Amino acid sequence: MIRSQNGMFGDFGGRFVPEILLPALTELEQMFAQLREDADFWQEYVTLTRQFSGRPTPLTPCHRLSDHIGGARIWLKREDLNHSGAHKVNNVLGQGLLVKRLGKKRVIAETGAGQHGLATAIMAARLGLEATIYMGADDIERQYSNVFWMRQLGANVVPVSTGARTLKEAMDEALRDWAASCETTHYVLGTACGPAPFPELVTYFQSVIGIELQDQIQEAIGRLPDAIVACVGGGSNAMGAFSPFLDHHDVTLVGVEAGGRGMGDGDHSIRLKPDTAETGIAQGFKTLFLQNEDGQLGHTHSIAAGLDYVGVSPIIAHLSQSGRLTADSANDEEVLEAFKLLMKFEGIIPALESSHALAGGFRKAATMNNDQHLVINLSGRGDKDIFNVARAFPQPEWTAFLQRELERHTQEPSAQQEPSAEQEPSVQKSDTAHKENRHA
Ligand SMILES: *Cc1c(COP(=O)(O)O)cnc(C)c1O
């Protein structure tokens with residue numbers, strides 16, 4: 001398992017935060033250092049994921065798809081079958097156990113696709129914690145169904161309307177809240193980014209994916225796979241799948257980023273190729289960030305809301321620069337094609353994020369021999385993407401259905417209206433100390 005050197009991975013990582021956050025990060029780091037040596041804690045975590053989230057997730061061979069593509073035999077690690085529909089629940093359940101040990105009662109989180117917010121709301125309900133979720137206003141529009149469920153689960157969802165109104169702004173806002181509340185509040189970071197110890201901590205919990213995968217593929221084929229492919233947003237599902245294999249140099253590791261609609265500024269989210277991103281310090285850590293000429297954080301695009309993050313895990317940045325990880329990308333069109341293929345040949349509806357890994361994986365498999373084995377980490381399921389997918393593959397019947405559904409909604413108002421559906425609060429309603437800032 002990968003270990004940082006004082007929070008650094010080669011050139012990347014570290015902890016660049018306001019002084020006020022240092023005690024909370026130090027406390028977390030010390031707790032983590034202690035717990036990662038504690039086999040009982042790992043067992044407690046694994047038991048929780050089994051009892052609550054359906055782990056271990058299966059490793060599924062794709063016979064029809066492999067025959068169709070030719071080349072390597074393709075396997076899927078089925079993180080889509082987790083409770084809540086993606087790998088993110090692994091990380092939040094682990095951090096939930098940490099919160100209990102830290103004796104804190106409130107959690108905050110930032111979320112892009114809404115998946116991490118949903119997972120955090122689920123964890124908070126299960127473990128009896130109060131939850132506030134920051135989410136970019138554009139992301140809320142794209143993924144309202146996740147927001148709907150977060151609110152039903154009792155979480156306070158705060159829209160962030162600054163900047164590009166996506167994950168990066170939500171993350172700034174969450175850090176601001178934490179600076180004011182860290183004595184009572186834990187910040188549940190959603191991916192392998194942010195100030196140390198988060199990249200390592202999130203990787204530690206997500207490594208349950210790779211640990212299971214190693215056992216399952218050994219049992220199935222009697223050896224390790226030739227390649228493992230994962231999509232890279234912040235980098236947590238990729239690090240989870242890759243981390244037990246880092247020292248097995250025969251296993252090729254491929255990270256697939258969002259190629260979006262082209263290579264223009266703001267059209268993609270590719271941080272690992274030469275000439276796209278540069279090393280910088282933002283959001284509490286040092287990594288490759290997409291930046292404009294003035295060194296401001298750049299804009300991103302992906303058909304998958306979970307992949308349009310402007311930075312990347314410092315661990316992934318390091319593995320990429322050191323050559324251990326191969327960076328690839330898939331554009332929106334290739335992603336939709338891969339999405340369709342998986343549905344048609346295997347009966348599985350993948351998340352659009354995961355479809356990036358599929359696109360990269362299919363491309364890689366086609367260059368390999370049919371006695372080789374390639375595993376794709378299927379990070380999530382596609383239910384949440386129904387509106388985006390419906391736009392990409394238009395069906396008039398679907399639009400008519402939505403219209404009828406809207407009419408039903410407005411004609412028969414239910415006794416219990418969802419409280420904030422009509423009027424998004426632009427400031428947080430609860431009690432944090434920086435209300436004023438948000439009005440400014
Ligand atoms: C959030 C998300 C991702 C991207 O996040 P990582 O931290 O890079 O794993 C990928 N797939 C799904 C389904 C997601 O919800």
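Residues numbered from 1 in each chain as written. Predicted model: local features only at pLDDT ≥ 70, side-chain atom pairs only at ≥ 80, totals over all residues. Heavy atoms only, no water.

S.K.: Help me understand the sheet that holds strand S14 (residues 373–378), please; the structure alone is not making it clear to me.
M.R.: Pairing between the strands of a sheet is mediated by backbone hydrogen bonds and can be parallel or antiparallel. Spatial ordering of the open sheet is given by S3-S4-S14-S9-S10-S13, a layout of six strands whose pairing is mixed. Only two strands of the sheet have a single partner each, and these edge strands are strand S3 (59–61) and strand S13 (325–331). Neighbour to neighbour, the strand axes of the sheet diverge by 25 degrees on average, direction disregarded. Of the strand pairs in this sheet, strand S9 (residues 227–231) and strand S10 (residues 252–260) are connected by five bridges, and their pairing is parallel. (Pairing = 2+ DSSP bridges. Helix = DSSP H or I, 4+ residues; strand = E, 2+ residues; numbered from the N terminus. Axes fitted to C-alpha atoms, helices over the stretch in contact; angles between N-to-C directions.)

S.K.: How should I be thinking about the domain arrangement of the protein chain in this particular structure?
M.R.: Where interface size is given, it is often the accessible area lost as the parts come together that is meant. Under the domain assignment, the protein chain is made up of domain 1 (16–49 + 87–202) and domain 2 (56–85 + 207–386 + 431–439). The distance between the C-alpha centroids of domain 1 and domain 2 comes to 21 Å. On the domain 2 side, the residues contacting the 39 residues of domain 1 number 40 residues. With both chains or domains summed, domain 1 and domain 2 bury close to 3100 Å², and 60% of this area falls on carbon and sulfur atoms. The largest share of the area that domain 1 buries against domain 2 comes from Phe 16, His 87 and Lys 168, three residues that together contribute 22% of it. Our enumeration of links across domain 1 and domain 2 arrives at zero salt bridges. (Domains from an automatic or database assignment. Contact = heavy atoms within 4.5 Å. Buried area = accessible area lost by both parts, 1.4 Å probe. Salt bridge = Lys/Arg side-chain N within 4 Å of Asp/Glu carboxyl O.)

S.K.: Please clarify how the site of the ligand should be interpreted in this entry.
M.R.: Neighbouring residues of the ligand: 17 residues in total, closest Lys 88, Thr 191, Ser 236, Asn 237 and Ser 379. One of the backbone N or O atoms of Gly 233 is found 2.8 Å from an oxygen atom in the ligand. Contact between the ligand and Gly 235: an oxygen atom at 2.8 Å from a main-chain N or O atom of the residue. Surface burial for the ligand is 98%, taken as the share of its 380 Å² of free accessible area covered by protein chains. Looking at the shell around the ligand, its residues break down into four nonpolar, eleven polar and two charged. When residues of the shell around the ligand are assigned to domains, at least three map to each of domain 1 (16–49 + 87–202) and domain 2 (56–85 + 207–386 + 431–439). (Near = heavy atom within 4 Å. Polar contact = N/O pair within 3.5 Å; in protein donor to acceptor, adjacent residues only side chain to side chain. Areas by Shrake-Rupley, 256 points an atom, 1.4 Å probe, with all protein chains shown as cover. Nonpolar A, V, L, I, M, F, W, Y, C, P; charged D, E, K, R; others polar.)

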